[in-house]
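Examining the three-dimensional arrangement
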Amino acid sequence: MFDGTCFKIINGKYYECKLEGGEDFFSNIYLGQPYEVDANKYAYEQAKRMFGETNDLRKLYEFWTPCPPVPNDVYESVCALIDEKIQTNE
């Protein structure tokens, strides 16, 4: 989705659309999803536990964490736009 390409599965079939926006916007949207935030936090905590806290580890974690966090209403509007762009008869 870094270039705005989005997919939606409807009844087992993939549909594609393209949203307008820059790579930074889409990168933050992707990285700010709850499962990405949880996965990155878990990886950071595990690496910190095994190797200790370092500046490089902290910088890496911060690199993969959108700041400020992406608000829920942004996700709602992006999903609504995808729904609008993907019109099916199903």
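What counts, and at which threshold
- Residues numbered from 1 in each chain as written.
- Predicted model: local features only at pLDDT ≥ 70, side-chain atom pairs only at ≥ 80, totals over all residues.
- Heavy atoms only, no water.
- Pairing = 2+ DSSP bridges.
- Helix = DSSP H or I, 4+ residues; strand = E, 2+ residues; numbered from the N terminus.
- Axes fitted to C-alpha atoms, helices over the stretch in contact; angles between N-to-C directions.
- Parallel < 35°, antiparallel > 145°, perpendicular 65-115°, else oblique.
- Contact = heavy atoms within 4.5 Å.
- Nonpolar A, V, L, I, M, F, W, Y, C, P; charged D, E, K, R; others polar.
- Buried < 20%, exposed > 50% of the residue type's maximum accessible area, 1.4 Å probe, protein only.
- Salt bridge = Lys/Arg side-chain N within 4 Å of Asp/Glu carboxyl O.
- pLDDT = per-residue confidence, 0-100.
- Disulfide = S-S within 2.5 Å.

Let us now look at the pairing of strand β2 (residues 13–18). Here 6 bridges tie strand β1 (residues 5–10) to β2, and the two strands are oriented antiparallel to one another. Residue pairing for β2: K8 is matched across the bridge by Y15. The antiparallel pairing of β1 with β2 creates a hairpin that spans 2 residues between the two strands, and N11 there sits at a positive phi of about 50°.

This next bit is on the packing of helix α1 (residues 23–31) against helix α4 (residues 72–85). With their axes 11 Å apart at the nearest point, α1 and α4 run at an angle of 110° to one another. The angle between the axes of α1 and α4 places the two elements in the roughly perpendicular class. Contacts from F25, N28 and I29 in α1 reach V74, Y75 and V78 in α4. Taken together, the residues of the contact of α1 with α4 break down into 5 nonpolar, 1 polar and no charged.

It is worth spelling out α1 at this point. The set of residues buried in α1 consists of F26, S27, I29 and L31. Against the buried residues of α1 lie α2 (34–51) and α4.

This part is about the pattern of salt bridges. Per the counting criterion, the structure on display carries 5 salt bridges. The residue K48 makes a salt bridge to E45 at a minimum N-O spacing of 3.6 Å. Of this pair, K48 and E45 both sit in helix α2, 3 residues apart, which is roughly one turn of the helix. Of the residues examined, K48 reaches a relative accessible area of 26% and is grouped as partly exposed. Its relative accessible area of 32% is what places E45 among the partly exposed residues. The salt bridge involving K48 is made with E53; its shortest N-O contact spans 3.8 Å. One connected set of salt bridges, linked through shared partners, spans E45, K48 and E53.

Turning our attention to the confidence of the model for the protein chain. Looking at the protein chain as a whole, the pLDDT averages 90, with 96% of positions reaching at least 70. Element-level pLDDT for the protein chain is lowest in α1, with a mean of 89, against a maximum mean of 95 in α2.

Once that is clear, we can look at the state of the cysteines. One pass over the structure, following the stated rule, counts 0 disulfides. Considering cysteine sulfurs only, C6 is the nearest to C17, which forms no disulfide, with 4.8 Å between them.

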